[in-house]
Amino acid sequence: MNRKKTEERQNNPRQTANIISKLTFWYTYDLFKIGFKRELEEKDLYEVLPQFNTSELGDHAERMWNQYKEHKNAMFLVLWKMYGKYYCILSMNMLFTIILNVTRPIIIGKLVFFFTPDQQSLTKMNALFYAIFLFALQIVDVICRQNYLFLIENLTIKIRTAFCSLIYRKFLKLPVSRLRHITFGNVTNLITRDISVFEQFFFNFTYAWSGFIIAIISCCNMFPSIGLPAAIAVLAFAVFIPLQVVVGLWISSLKRETSKKTDIRLNEFRDVCANIRNTKIYAWEDHAENKISLARKNEMSILFKIFILLFLSVTTGIILNNVTFYIVVMANIWTGQTLTAEIMYFISGSLLAVYHTISFTIPYATFSLSQVITAIKRMQTLAHTLETKDEETCHAFQTKKPKVEFSNVKLMIKDKTVFKNVMLKVYTGLTLITGPAGSGKSVLLLTILKEFKVSEGKLLVEGKLSYASQEPWLFPATIKQNILFGNSYNHKRYQEVLRVCDLQYDIELLENGDSTIVADGGSNLSKGQRSRVNLARAIYQDSDIYLIDDTLSSLDPLVADHIFKNCILKLLHGKIVFLVSHYLDLSQYAATIVNLGNGNLTTWKNDLSDNVQNNDPKFIPNVCAILKESNPKTNSADSEESKLIETTKTNKIYGELKISGSVPLKIYMKYVGMGGYFTFFIIFCIFVLTQLIVSYKDNLLSDWVNLEDKISRINHTVDSISYSILTEDRNQLLHTYGAAVVGLSVATLIRGCILFLFSRRVSVTLHKKMLNCVINACLNFFDTTFLGNIVNRFSKDLDSVDESIPFPLHHLLAIVFETVGNILLISSTNIRLLLPIGLLFVGLTLFRCVYIKTGRPLKRLDASTKSPVVGYLNATLEGLPTIKAFNAQEIIKKEFETHHNLYNSASYSHAACMKAFAFVADILASIFVFMVILQFIIFGKDVLPGEVGLAISQSFAVCIVLFFGMHKWVDLETQMTSVERAMEYTDIQKESKSGLEIKNWPTLGEIKYENVYLDIGNSKSSVLKNLNFHIKPNEKLGIVGRTGAGKSSIISALFRLYEIKGRIIVDGIDIKTLSLHFLRSKISLIPQDPFLLSGTLRYNIDPNKIHKDEEIWNALKTVKLDTLISSLDANIKEFEFSCTQKRLLCLARVLIKKNKILAVDEIVEHVDSETENLIYNIIEKQFKFCTIIKIAHKLKFVMDCNKVLVLDNGNVVEYDNPQILLKNQSGLFYKMAKQSGIYGNTLL
């Protein structure tokens, strides 16, 4: 959609890197170099690697899906066929990890045995060989493991890209008739949350199956050394794994429920943000916030259960390891076996492998598997929902003899007949389509576009199509790009289209002209301007058939007349034009008239004069008189929303406020504060207590090993006294060790539960604050922020807060204390070991500082480049009929792929840099272990074996905890960027809700505007300029003027949607002194754009639940909608309301409120004459004792007003009784009235 030239980027250095550079991640050096010097920006990202190209991955996924889509487990098959074999080949890298973990306990046992007094079998050279061999295994394992993990992340990017591209392509083929089955929340949740679980799944699943093999081998290795007691470990292993699987299945079912709840929350949030202007006007912020908060509460309640189950699974594994080790050793003692230091540390090392498998890899793998199964099922469900047949899509091309033929066509939607027995043949000229509200006029056009499949008969469409929808659709790009819509630029054609659509002067007013960026849905343009840009897009394309859905109704008579004359009758002369309109007078210029009603379609031909058929320029002005006397600049001045908010003019599309540097300390403090400072202090104390128990337990193990070594060397028959003393010491130590195991188990459970309660409180509090700030934000925020960016904060970033931070936080806190404990234990054996520990710590810290300068901004870029992906998906859903009508699917797809490629580049760069950091950290840790072992071999011959075993085991532990500590530290700080991004939305400037609430106000409805100025955003000129007028109680004020003259801004000022200068006084009270909620609840508005929110019909009419059912039904009966509605508690999605019926629902809302002041903004736009009369009569009858402000393009709707205010360029140019204004033939109102047919005999 944004067809600007693609920015050129440097090729990724991995493409030209040699094998050594790839294995060691040296090719990331340049990126680290840039990141160290300055903050990385989007321009620094490389061109996406060919293997991550969205187009190619999407093609592959589409081919595979088409091949297996009929299978029961289609998505599983597609993923397996695409990446299954590749994953299996990658997994071979884990063989080195298996070998290392199996041999490490044996080697450590041999090294410990070397220090056993009086042993002669191992020499110093043997010990050095074992140390070097262990170091070599560590280095090979680092290279294989880190490259494997990196390739796994690459695989995840491919899967994510392939799926997103597949789903997006299916959206582009989806008929509009099936859009109601899709929710934006469901799709957003899938592409931002569900698809990300594959990375952790592959990581955890690989470690699970390799750990399972390691655990089995380790258990088997224990049998030759300790015999039958090894069966205890095997039994514990065999019992615990099935329990983990059961828990995993439970988690899987809970995860599916969570995803559904998240879908609901995101869908409701998106609805509110998309309709935020009307939400504020109706003072529904509190109800919207409560509804979304309830959805969030339901989501979090299930998510918390998942965390508790997962944590209990992990913690139980930790407890089981300690208990199993204790029982196995005790069993050896009870069976009378001799326990040496070598055997003790061999058992400890072997059980460590088993412990890691059952405590971490299996629980996490089970959890990840449950997430992946849920994600794949949801992916498959969505893919099947989007499945469509090619013949349902219109693929018409330009032809010399275009035609549209209906032959006995019948159309049914949800078992309801829209029209039947349609016989219509159109070969040229204008076809006018009329009919009452809900009769199917728009559906008829969509049927021509093949968006609805005919139930009976035959529909033939030959010729290239253009379509202008009833509700104008604009996408986030420049005005020019919206009009060109991917077509090549033809200057002459482009300027002609701007002229006939009356857009030239509007564009001249803009600082950047037609290069000005349009916000989501064109929210920073007036409705008339959006309609004209939407029409210009259709007209610019040289087509055979033009489908124009009631565009003229949203325009003032002057503009509508100009467009009808110059565009429809002149420029499109000789084309097939289907025009939906309620201007029945236009029928005299139509070759064919179509009337829809009660399921029937009536057609008749019009015998046009030769002058009309030949488009005689002398004839048209006589009927469509154009006000040549008026100054075109005064008539064309558009100042209300015609001037785009200045902050969007130069910003990049979907650009976000750039954050640089480290995550500030205040973000961490805010995070802790949201969970509770006292709660965090309790958590801190429990972590300290837990580590004290762990260190004490490990020290007891060292003493135990030394004690067993002494006992094994005493002959109890010769030295019975010493043996008895040592045995008694051992029994005391065993009791103490057992108590430590029990205490550790209890402390571990408590710390985890409290920490996750803390994290849950943070998630709930943060979402609550974000939601409150966004919903109550000043309207300027929504004018300058794209919906895709906002939704991304509430989906991906909040997902990181919910799921990606609690476990890293838990691990990091545990690792910090564990590191301190391990260092103290190591130094207790040999103080010289503090030197390599210090060197390791300094090395890791320095490289972390280097990494974080690159990794943190890359993580931010990873998040920010996702926003266009979400935004384009949202824009596509809204504009799907237009996209398909223009056959622009390929253009849109390429734009989506361009944005997704940039997202892939950011993800890949972040993954590569993170793995480079992990690689260096692992290498440093391996060197550290080797230095510790070497120090003992060279200098520590007289050291006790227990101390050696303790030092070596703790060295490995230090390596693990330091590596994982740095990794979790980096991971936590990286994830904290999501917290930072989320917390940005807790500091948004909110509307001030404080103020007076006066009982029974207003009683009269008197309104005075005194020197009122209104500025929107950073606009250079005011939207309203020095307005002064007075509306007496029960009077009616009509407001008229050209499109964009500032009419709706008068209503915005009355509702205080923006800050105003001057005073607006209602019943003697300056509205600035009133509470916003009170003010808005006391004034009723029927908005220009009717809106409905997700939920029940009752919620859409009376969210406060203060009115009885009888009152609501009476209101529905008054607007003649009661026959269409079965129940007030029915979901709004069950009804196929037309645009007119939505307007009538908005009218029903204000009927039950019975406020003293009513504002009506273009309520008769897009409605037929019958409905127009109905609305007019309801307002006259039901609001005859109210003060009414009417904004209308149809001047007959304001002719009964006491006064009419004519607005131009934000200034009041005329203000008096309409009959008096009509007497001034040089006045603007007179000319508008003459143009509209109220005064004189003209067209509109």
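Residues numbered from 1 in each chain as written. Predicted model: local features only at pLDDT ≥ 70, side-chain atom pairs only at ≥ 80, totals over all residues. Heavy atoms only, no water.

Naming follows an unreviewed UniProt entry, where the chain appears as Multidrug resistance-associated protein lethal(2)03659 of Zophobas morio. Recorded in UniProt under Subcellular location (unreviewed entry), the annotation for the chain is "Membrane". (UniProt positions renumbered as here; feature names shortened; annotations may be inferred.)

The next point concerns the sheet that holds strand S4 (residues 456-462). Spatial strand order, S2-S1-S4: three strands in an open sheet with antiparallel pairing. Here the strands that pair on one side only, and so sit at the sheet edges, are strand S2 (416-426) and S4. Each strand axis lies, on average, 25° off the axis of its neighbour in the sheet, ignoring direction. One ladder, built from six bridges, connects strand S1 (residues 403-413) with S4; its direction is antiparallel. Looking at S4, one finds that Lys 410 is bridged to Glu 456. Of the strands in this sheet, S1, S2 and S4 are in contact with helix H13 (residues 441-448), which crosses S1 at around 120°. (Pairing = 2+ DSSP bridges. Helix = DSSP H or I, 4+ residues; strand = E, 2+ residues; numbered from the N terminus. Axes fitted to C-alpha atoms, helices over the stretch in contact; angles between N-to-C directions. Contact = heavy atoms within 4.5 Å.)

Bringing the sheet that holds strand S17 (residues 1187-1191) into the picture now. Ordered by their spatial adjacency, six strands build an open sheet running S15-S16-S17-S12-S18-S19, and the pairing between neighbours is mixed. What marks the edges here is a single partner per strand, and that holds for strand S15 (1083-1086) and strand S19 (1211-1216). Mean inter-strand twist for the sheet, computed between neighbouring axes without regard to direction, equals 15°. Pairing between strand S12 (residues 1036-1041) and S17: four bridges, direction parallel. Following the sheet pairing, Gly 1038 is matched in S17 by Lys 1190. Sitting on the sheet, helix H33 (residues 1047-1054) touches S12, S15, strand S16 (1157-1161), S17 and strand S18 (1203-1208), and the angle it makes with S17 is about 145°.

It is worth spelling out the packing of aromatic side chains at this point. Applying the stated criterion to the full structure yields 42 aromatic pairs. Ring geometry for Trp 473 versus Phe 485: centroids 6.1 Å apart, planes at 90°, classification edge-to-face. Of the two residues, Trp 473 sits in the loop between strand S5 (465-468) and helix H14 (479-484) while Phe 485 sits in the loop between H14 and helix H15 (491-500), which places them twelve residues apart along the sequence. Judged by relative accessible area, which is 4%, Trp 473 ranks as buried. Its relative accessible area of 4% is what places Phe 485 among the buried residues. On the numbers, 6.2 Å between centres and 25° between planes, the contact of Phe 687 with Phe 817 is stacked. Residue Phe 687 is located in helix H23 (residues 677-712), and its partner Phe 817 is located in helix H27 (residues 806-829); the two are separated by 130 residues in the primary sequence. (Phe/Tyr/Trp six-rings, centres within 6.5 Å; stacked < 30°, edge-to-face > 60°. Buried < 20%, exposed > 50% of the residue type's maximum accessible area, 1.4 Å probe, protein only.)

This part is about unusual backbone geometry. A cis amide bond links Trp 1001 to the next residue, Pro 1002, at an omega of -5°. By the secondary structure assignment, Pro 1002 is in the loop between helix H32 (945-984) and strand S10 (1007-1014). With phi around 50°, Asn 421 is a residue other than glycine that occupies positive phi space. Among the structural elements, Asn 421 can be located in strand S2. Using a relative accessible area of 55% as the deciding quantity, one classes Asn 421 as exposed. Phi angles above zero are rare outside glycine, and Asn 1011 is one such case at about 50°. Looking at the secondary structure, you find Asn 1011 in strand S10. Its relative accessible area of 42% is what places Asn 1011 among the partly exposed residues.

For the rest of this paragraph, the subject is the side chain of Ser 864. Inspection of the secondary structure puts Ser 864 in helix H28 (residues 834-864). Here Leu 861 takes part through its backbone oxygen, which lies 3.3 Å from a polar atom of the side chain of Ser 864. (Polar contact = N/O pair within 3.5 Å; in protein donor to acceptor, adjacent residues only side chain to side chain.)

Within the fold, Arg 1056 resides in the loop between H33 and strand S13 (1060-1066). For the buried Arg 1056, no salt bridge exists, and the shortest N-O distance to an oppositely charged side chain is 5.5 Å, to Glu 1059. In contact with Arg 1056, not counting residues within four places along its chain, are Glu 991, Ser 992, Ile 1071, Lys 1072, Leu 1074, Leu 1076, Leu 1079 and Arg 1080. (Lys, Arg positive; Asp, Glu negative; His and termini not counted. Salt bridge = Lys/Arg side-chain N within 4 Å of Asp/Glu carboxyl O.)

Take the pattern of salt bridges next. Enumeration according to the criterion identifies 39 salt bridges in this entry. We note a salt bridge from Arg 1063 to Glu 1010, for which the minimum N-O separation is 3.0 Å. Of this pair, Arg 1063 sits in strand S13 while Glu 1010 sits in strand S10; the two residues are 53 residues apart in sequence, bridging distant segments of the chain. When its relative accessible area of 26% is taken as the criterion, Glu 1010 is described as partly exposed.

Taken as a whole, the chain shows an average pLDDT of 80; of its residues, 86% reach a score of 70 or greater. Least confident of the elements in the chain is helix H21 (residues 632-636), whose mean pLDDT is 34; most confident is strand S14 (residues 1069-1070), at 93. Per-residue pLDDT stays below 50 along residues 609-651; that stretch engages in 110 contacts with residues further than four places along the chain or on separate chains. (pLDDT = per-residue confidence, 0-100.)

For the rest of this paragraph, the subject is the environment of Thr 865. Along the chain, Thr 865 falls in the loop between H28 and helix H29 (867-878). Separated by 34 residues in sequence, Thr 865 and His 899 place their C-alpha atoms 7.4 Å apart. Setting aside chain neighbours within four positions, we find Thr 865 in contact with Glu 42, Leu 45, His 899, Leu 902, Tyr 903 and Ala 906. Reaching out from Thr 865, the side chain makes a polar contact with the backbone oxygen of Asp 862 at a distance of 3.4 Å.

Turning next to the packing of helix H37 (residues 1139-1153) against helix H38 (residues 1169-1182). One can describe the packing of H37 onto H38 by two numbers: an axis separation of 12 Å at closest approach and a directional angle of 5°. Accordingly, the angle class assigned to the pair H37 and H38 is roughly parallel. Between H37 and H38, the residues in contact are Thr 1140, Leu 1144, Leu 1147 and Leu 1151 and Thr 1171, Leu 1174, Ile 1175, Ile 1178 and Gln 1182, respectively. (Parallel < 35°, antiparallel > 145°, perpendicular 65-115°, else oblique.)

Two packed helices can be described by the angle between their axes and the distance between those axes. As a packed pair, H28 and helix H31 (residues 889-939) sit with axes 9 Å apart at the nearest point and diverge in direction by 175°. Considering their axes alone, H28 and H31 lie roughly antiparallel with respect to each other. Looking at the contact of H28 with H31 residue by residue, the classes come out as 21 nonpolar, six polar and three charged. (Nonpolar A, V, L, I, M, F, W, Y, C, P; charged D, E, K, R; others polar.)

It is worth spelling out a nonpolar patch on the surface at this point. Taken together, the side chains of Leu 835, Leu 839, Ile 927 and Met 931 define a hydrophobic patch exposed on the protein surface, amounting to about 360 Å² of accessible area. Of all the secondary structure elements, the ones that give two or more residues to the nonpolar patch are H28 and H31. Inspection of the secondary structure puts Leu 839 in helix H28. (Patch = residues over 30% accessible without salt bridge, like charges linked within 9 Å, V, L, I, M, F, W, Y side chains within 5 Å. Areas by Shrake-Rupley, 256 points an atom, 1.4 Å probe, with all protein chains shown as cover.)

Residue placement: Tyr 168 occurs in helix H6 (residues 124-173). Looking at Tyr 168, the relative accessible area reads 1%, which means it is buried. The spacing of Tyr 168 and Leu 386 is 218 residues in sequence and 9.7 Å in space, taken between C-alpha atoms. Once residues lying within four places of it in the same chain are set aside, the contact partners of Tyr 168 are Tyr 872, Leu 873, Thr 876, Ile 892, Lys 893 and Phe 896.

Attention now moves to the pairing of strand S7 (residues 576-580). Most of S7 sits inside the fold, with five of its five residues counted as buried. In S7, alternate side chains face the same way, and those of Ile 576, Phe 578 and Val 580 on one face and Val 577 and Leu 579 on the other are all buried. In terms of strand pairing, strand S3 (residues 429-434) meets S7 through five bridges, oriented parallel. Across the sheet, the residue bridging to Ile 433 is Val 580, located in S7. As paired elements, strand S6 (residues 545-549) and S7 share five bridges and run parallel to each other. Across the sheet, residue Ile 548 finds its bridge partner in S7, namely Leu 579. In the classification by handedness, the crossover that spans S6, the intervening helix H18 (residues 557-571) and the parallel S7 is right-handed. (Right-handed = clockwise from strand over helix to strand, strands pointing away.)

Generally speaking, nonpolar side chains in soluble globular proteins are found buried as a group. In terms of nonpolar packing, the biggest core is built from 274 residues, with Phe 198, Phe 578, Val 774 and Leu 1116 touching the most fellow members. Per element, the largest residue contribution to this core is 13 residues, and it comes from H6. Beyond its immediate stretch of four places on either side in the chain, Val 774 contacts Phe 269, Cys 273, Phe 781, Phe 782, Ile 790, Phe 794, Tyr 985 and Ile 988. Counting 29 residues, the second-largest nonpolar core is a separate cluster that includes Leu 122, Ala 131, Val 929 and Phe 936. (Core = buried A, V, L, I, M, F, W, Y, C linked by side-chain atoms within 4.5 Å.)

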